[in-house]
Amino acid sequence: MDAAALLERTWGGGGEIFSGTSPGRVTLIGEHVDYAGGLVLAAAIDSFVTVSVRRSAASTFRIVSSGRTVERAETMPCGDIGDRILGAVEALRRAGHWTVPALDIAVEASLPESAGLASSAAVTCATLIAVLGLIGASVAASEIVEWALVAERDIAGIPCGPLDQLSVVFGRSGDVLLLNCLSIEVDARIPWRWDDAVLVVCSTAERHDNGGDGYRQRVEEAGEVLAAVGAMSAQETVDPAALAALPPPLDRRGRHVFTETNRVQRAAEVLRSGTAADLGDILSASHASLRDDYEVSTPLLDAVVAAATDAGALGARLVGAGFGGSVLALCSEADADAVGAAMTAAAGDGGVAWQLRPDAGAAWMNPGTVV
């Protein structure tokens, strides 16, 4: 992933180049509860985005990524590939501490786009780190999270929680993070202690709905549920009868939000003292809830989940916002190849499966800039 070389191939030689790297993340359990202040178990993964920047010889921002180029004078979103990248620049400008000049920017990634693995957060965080290097600033990891959220929520207008940003910044190799999305912090780091258990992810040709109409509707419905039952967050204890009394589909949405947070708590206990098979059961229960109560799955995602379990996976579920994207399966290392092949076959054209392991986050990958 030589983004610096891509920058020079595209626009020739020039000034000093600065780079930032961020991993993606996989949500182990805790889907669609971050914006309801719930708990999430997630990990940074060994797939990455690298962004390289230098001062532009032009008076505009010039961006190259995945064979696409764009040139813009303004940083606000306009619907092209520059939105997430220049959203990071705009977030730094709004922070008020620095003047950010026009830049040449190149992006290289092993992390796939629109697969439900936080590619948007990764490119935003990598851009922040690269630009901070250029302007000679060292900042706390928590500030990267804060500015990345500004870029996503305030500038791009995506009503997301802090799950992705916390995961890709604070992840540590071999650890799963227990994230408290109400206080925007890491509650605990739990070692992944099963050497013979593997996470397999299969992307599909269906692009996931990160910030689309379906996602926005679920965010609104979760807010209506919390208001209706008088809860501040999904971490509170709520009488199931109160949820059942809500009009449809709020009754189903509320059931998912609160039971999913409970599943996170159980999964954290399993990671500390249970078995991989126990965790697999929780993953499968999560998918059933996302499919039936939250209604964010698709027939294709359901087929990939079924293929994974039929091939020997201990459990499987959609990962990410849903309405497309990817499926996560937990299996033994001995079954990983067979499970991946079955998932890929079920995904059809465009299906790709790969194995993931918890890896370091951006705070560990960019020492000096992130402190």
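As the structure is a computational prediction, the values presented were derived from the model and not from experiment.

*Asks:* Honestly, the overall build of the protein in this entry has me stumped. Any pointers?
*Replies:* Within the protein, the secondary structure is distributed over 12 helices and 11 strands. The globule rule puts the C-alpha radius of gyration for 371 residues at 21 Å, and the 20 Å found for the protein is close to it. Classification of the 371 residues of the protein by burial places 58% in the buried group. For the protein, the share of sequence-separated contacts (at least 6 apart) that also reach a separation of at least 24 residues comes to 73%. Accessible area of the protein: about 13600 Å², with a carbon and sulfur share of 49%. Positive and negative side-chain charges of the protein, numbering 26 and 47 respectively, have mean locations separated by a distance of 3 Å.

*Asks:* Just checking my understanding: could you explain the pairing of strand β3 (residues 61-65) for this structure?
*Replies:* For β3, a buried count of five out of five residues is recorded, marking the element as mostly surrounded by other parts of the structure. Burial along β3 is two-sided: the residues F61, I63 and S65 and R62 and V64 are all buried. Strand direction decides the pairing type here: β3 and strand β4 (residues 68-72), joined by five bridges, are antiparallel. Across the sheet, R62 pairs through a bridge with E71, a residue of β4. What sits between β3 and β4 in their antiparallel hairpin is a turn of two residues, with S66 showing a positive phi close to 50 degrees.

*Asks:* Where do I start with the pattern of salt bridges in this structure?
*Replies:* When charged atoms on two side chains of opposite charge get close, those side chains can pair. For the structure shown, the criterion picks out 16 salt bridges. E221 is paired through a salt bridge with R253; the nearest N and O atoms lie 2.7 Å apart. Of this pair, E221 sits in helix α6 (residues 213-229) while R253 sits in helix α8 (residues 250-273); the two residues are 32 residues apart in sequence, bridging distant segments of the chain. Across the pair, exposure class does not vary: E221 and R253 are buried alike. Sharing partners across several salt bridges, the network here consists of E221, R252, R253 and E295.

*Asks:* Help me understand the side chain of R62 in this model?
*Replies:* Within the secondary structure layout, R62 lies in strand β3. Within the structure, R62 has its side chain in polar contact with the side chain of D104 (distance 2.8 Å). The contact partners of R62, leaving out residues within four places of it in the chain, are W11, S56, A57, V70, E71, L103, D104 and I105.

*Asks:* When you look at helix α5 (residues 163-170) in this model, what are you seeing that I'm missing?
*Replies:* In an α-helix, one full turn covers 3.6 residues, which means residues spaced three or four apart are oriented alike. The buried fraction of α5 is high, at seven of eight residues. L163, D164, Q165, L166, S167, V168 and V169 are the residues of α5 that are buried.

*Asks:* Would you mind showing me how to read the packing of aromatic side chains here?
*Replies:* Two measures describe an aromatic ring pair: the distance that separates the ring centres and the angle between the ring planes. Under the criterion given, the structure shown has three aromatic pairs. Centre to centre, the rings of Y35 and Y215 are 5.7 Å apart; their planes meet at 80 degrees, and the pair counts as edge-to-face. Of this pair, Y35 sits in the loop between β1 (18-29) and β2 (39-55) while Y215 sits in helix α6, and the two are 180 residues apart along the sequence. As far as burial versus exposure is concerned, Y35 and Y215 are alike and both buried. Pairing W192 with W194 gives two aromatic rings, centres 5.3 Å apart and planes at 80 degrees, and the pair type is edge-to-face. On the basis of relative accessible area, W192 is assigned to the buried category, the value being 14%.

*Asks:* Sorry, what's going on with the sheet that holds strand β8 (residues 197-203) here?
*Replies:* Strand pairing in a sheet is mediated by backbone hydrogen bonds. Such pairs are either parallel or antiparallel. With antiparallel pairing, the four strands of this open sheet are ordered in space as β9-β10-β8-β11. This sheet does not close on itself; its edge strands, each paired only once, are β9 (315-319) and β11 (352-356). Neighbour to neighbour, the strand axes of the sheet diverge by 25 degrees on average, direction disregarded. Together, β8, β9 and β10 (326-332) form the strand contacts of helix α9 (residues 276-292), whose direction differs from that of β9 by roughly 40 degrees.

*Asks:* Explanation requested: helix α1 (residues 3-11) in the structure shown.
*Replies:* When we look at burial in α1, the residues that qualify are A3, L6 and L7. What you see down the axis of α1 is that its buried residues fit within an arc of 100 degrees, all on one side. Contact partners of the buried residues in α1: β2, β3 and β5 (103-109). One or two positions beyond α1, positive phi appears at G12, with a value near 80 degrees.

*Asks:* Just checking my understanding: could you explain the nonpolar core for this structure?
*Replies:* Soluble globular proteins: nonpolar side chains tend toward being buried together. Counting 123 residues, the largest nonpolar core has L41 and W192 as the members making the most contacts within it. The contacts of W192, once residues within four sequence positions are left out, are L28, G174, V176, A197, L199, L271, L279, L330 and P358.

*Asks:* Any chance you could explain the state of the cysteines here in plain terms?
*Replies:* Throughout this description, disulfide means a covalent bond between two cysteine sulfur atoms. Within this structure, the stated rule accounts for zero disulfides. Between C202, a free cysteine, and C331, which holds the nearest cysteine sulfur, the sulfur-to-sulfur gap is 12 Å. Residue classification places C331 among the buried residues on the basis of a relative accessible area of 0%.

How each quantity is defined
- Positions within a chain are numbered from 1, following the residues in the order the chain's sequence is written.
- Local features in a predicted model are, by the rule used here, given only for residues with pLDDT of at least 70; side-chain atom pairs are given and counted only at 80 or more, and totals for whole chains, interfaces and linings are based on all residues.
- Note that water and hydrogens are dropped before the side-chain values are worked out from all heavy atoms of the structure.
- Strands here mean DSSP runs of E at least two residues long; helices mean DSSP runs of H or I at least four residues long; both are numbered from the N terminus.
- Within these notes, the globule rule equals 2.2 Å times the number of residues to the 0.38 power, and the radius of gyration is based on C-alpha atoms.
- For every residue, the accessible area (1.4 Å probe, protein chains only) is compared with the maximum for its type, and the residue is labelled buried under 20%, exposed over 50%, or partly exposed between those bounds.
- Throughout, a residue-residue contact means that at least one pair of heavy atoms, one from each residue, lies within 4.5 Å.
- Note on areas: these come from Shrake-Rupley sampling with a 1.4 Å probe, and a residue is covered only by the protein chains present in the view.
- Neither His nor the chain termini are counted; the positive set is Lys and Arg, and the negative set is Asp and Glu.
- Charge placement uses NZ in Lys and CZ in Arg. For Asp and Glu, CG and CD serve respectively.
- Strands qualify as paired when DSSP identifies two bridges or more between them.
- Salt-bridge detection follows one rule: a side-chain nitrogen of Lys or Arg within 4 Å of a carboxyl oxygen of Asp or Glu.
- In the analysis that follows, any N or O atom pair within 3.5 Å is treated as a polar contact, provided that within protein one partner can donate a hydrogen and the other can accept it, and provided that, for residues neighboring in sequence, both atoms belong to side chains.
- For Phe, Tyr and Trp, rings pair up if their centres lie within 6.5 Å, where Trp contributes its six-membered ring, and each pair is then called stacked (planes under 30 degrees apart), edge-to-face (over 60) or tilted (otherwise).
- To obtain an axis, a line is fitted to C-alpha atoms, over the contacting stretch when the element is a helix, and the angle between two such axes runs from 0 to 180 degrees between their N-to-C directions.
- By construction, the arc corresponds to the directions joining the helix axis to the C-beta atoms.
- Residues enter a nonpolar core if they are buried and are Ala, Val, Leu, Ile, Met, Phe, Trp, Tyr or Cys, with the set joined through side-chain atoms within 4.5 Å.
- When the sulfur atoms of two cysteines come within 2.5 Å, that pair is taken as a disulfide.

By themselves, these are just geometric observations and shouldn't be taken as functional.
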